[in-house]
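# Notes for the structure review
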Amino acid sequence: KGKIYQLTWHEEIALVYGADTLKKIGEITYRGEGWGLTTDGRQLLMSDGSALITFRDPDTFASIRTIMVHDGSTPIGNLKDITLRAIEVLKEVDLILAEDTRTTSHLLTHYQITKPLSPYHQHNEHKILAHLTEQLAGGKTMALVTDAGTPGISDPAFLLVRECIKNDIRVECLPGATAFVPALVNSGLPMNSFCFEGFLPLKKGRQTMLKKLAEEERTMIFYESPMRLIKTLHEFIGYFGPGRQCC
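Residues numbered from 1 in each chain as written. Predicted model: local features only at pLDDT ≥ 70, side-chain atom pairs only at ≥ 80, totals over all residues. Heavy atoms only, no water.

### Describing the packing of aromatic side chains
Evaluated as defined, the whole model comprises seven aromatic pairs. Through a chain of ring-to-ring contacts, three or more aromatic side chains come together here, namely Phe 180, Phe 194, Phe 196, Phe 199 and Tyr 223. (Phe/Tyr/Trp six-rings, centres within 6.5 Å; stacked < 30°, edge-to-face > 60°.)

Okay, structure coming up:
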């Protein structure tokens, strides 16, 4: 509950501007588009001033990440939603590639795992691909951690996996938490046949894709930022019709 007026970032510090006050909320451990999570995991801040949420239990929002351990999954939202095998592999690998090393550190600390971390995200994956492939070919073992969901599902991973397969490097996928599967099961919508679209294009190709999907009869699954959700739902009504069920 609560209302904030403007959230800005200054050297990883969240500053909230009220009507005539300036309040330092705390250090930000992860920030996404228009939102941030404080280091203690207790406050979620929306930069448009729409929400200031305080969690009683830090673990409720302490981890919003998923891991691929040659590939595998870790918790999305609840640190207990991780397999024993994933924890075991995380402890055994030589290096953990992380989309956000700060957030991954919280997960590793929770399970008392001490391993070297290296950034791997959409802005550097092309540059470091050859180097990583060379290290893997030399016998180094790695785990890939992405931000919110299974690596490769609307997250970095595809390039590295493809390169590994091309160079006969073993890629192992461990089962675990995936964002859209629990959402689908919990939706009450038909699950016998569905299509996963992930994030729609923000600009170019968006309208073309929506027109194409208007003919889709199966259950459709999308990812969307909370900051764009209302606008996207209005678009869905326009293209899919007001009678189509949504959850």
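### Describing the pattern of salt bridges
A full pass over the atoms with the stated rule returns eight salt bridges. Ionic pairing is found between Glu 163 and Lys 166, a salt bridge with its closest N-O pair at 3.7 Å. In this pair, Glu 163 and Lys 166 are both assigned in helix 4 (residues 158-166), three residues apart and thus about one turn of the helix distant. Between Glu 235 and Arg 206 there is a salt bridge whose closest N-O contact spans 2.6 Å. With Glu 235 in helix 7 (residues 229-240) and Arg 206 in helix 6 (residues 206-213), this pair connects stretches of sequence that are 29 residues apart. Among the residues examined, Glu 235 registers a relative accessible area of 16% and is labelled buried. Judged by relative accessible area, Arg 206 falls into the buried class, the value being 7%. (Salt bridge = Lys/Arg side-chain N within 4 Å of Asp/Glu carboxyl O. Helix = DSSP H or I, 4+ residues; strand = E, 2+ residues; numbered from the N terminus. Buried < 20%, exposed > 50% of the residue type's maximum accessible area, 1.4 Å probe, protein only.)

### So, the packing of helix 6 against helix 7
Helix-helix packing is characterised by the crossing angle of the two axes and by the distance between the axes. Axis separation between helix 6 and helix 7 bottoms out at 9 Å; the angle between their running directions is 50°. Judged by the inter-axis angle, helix 6 sits oblique to helix 7. Crossing handedness for the pair helix 6 and helix 7: right-handed. Taking contact as the criterion, the partners of Arg 206, Gln 207, Leu 210, Lys 211 and Leu 213 in helix 6 are, on helix 7, Thr 232, Glu 235, Phe 236, Tyr 239 and Phe 240. For the contact of helix 6 with helix 7, a count of residues per class yields five nonpolar, two polar and three charged. (Axes fitted to C-alpha atoms, helices over the stretch in contact; angles between N-to-C directions. Parallel < 35°, antiparallel > 145°, perpendicular 65-115°, else oblique. Left-handed = near helix turned anticlockwise from the far one by under 90°. Contact = heavy atoms within 4.5 Å. Nonpolar A, V, L, I, M, F, W, Y, C, P; charged D, E, K, R; others polar.)

### Things to note about the nonpolar core
Membership of the largest hydrophobic core comes to 16 residues, with the highest contact counts inside it found for Leu 90, Ile 96, Tyr 111 and Ile 113. Mapped onto this core, the elements with two or more residues apiece are helix 1 (84-92), strand 8 (95-98), helix 2 (101-110) and strand 10 (142-146). Here this core takes four residues from helix 1, the largest share from any one element. Ile 113 has contacts with Ile 87, Leu 90, Lys 91 and Leu 108, leaving out every residue within four places of it along the chain. (Core = buried A, V, L, I, M, F, W, Y, C linked by side-chain atoms within 4.5 Å.)

### Re the environment of Val 89
Among the structural elements, Val 89 can be located in helix 1. Along the sequence, Val 89 and Met 142 sit 53 residues apart, while their C-alpha atoms lie 9.3 Å from each other.

### Let's talk about the packing of helix 3 (residues 125-137) against helix 4
Here helix 3 crosses helix 4 at 35°, and the two axes come no closer than 10 Å. Pair helix 3 / helix 4 crosses with right-handed handedness. Of helix 4, the residues touching helix 3 (which contributes Glu 125, His 126, Leu 129, Leu 132, Thr 133 and Leu 136) are Leu 159, Leu 160, Glu 163 and Cys 164. For the contact of helix 3 with helix 4, the per-class residue count stands at six nonpolar, two polar and two charged.

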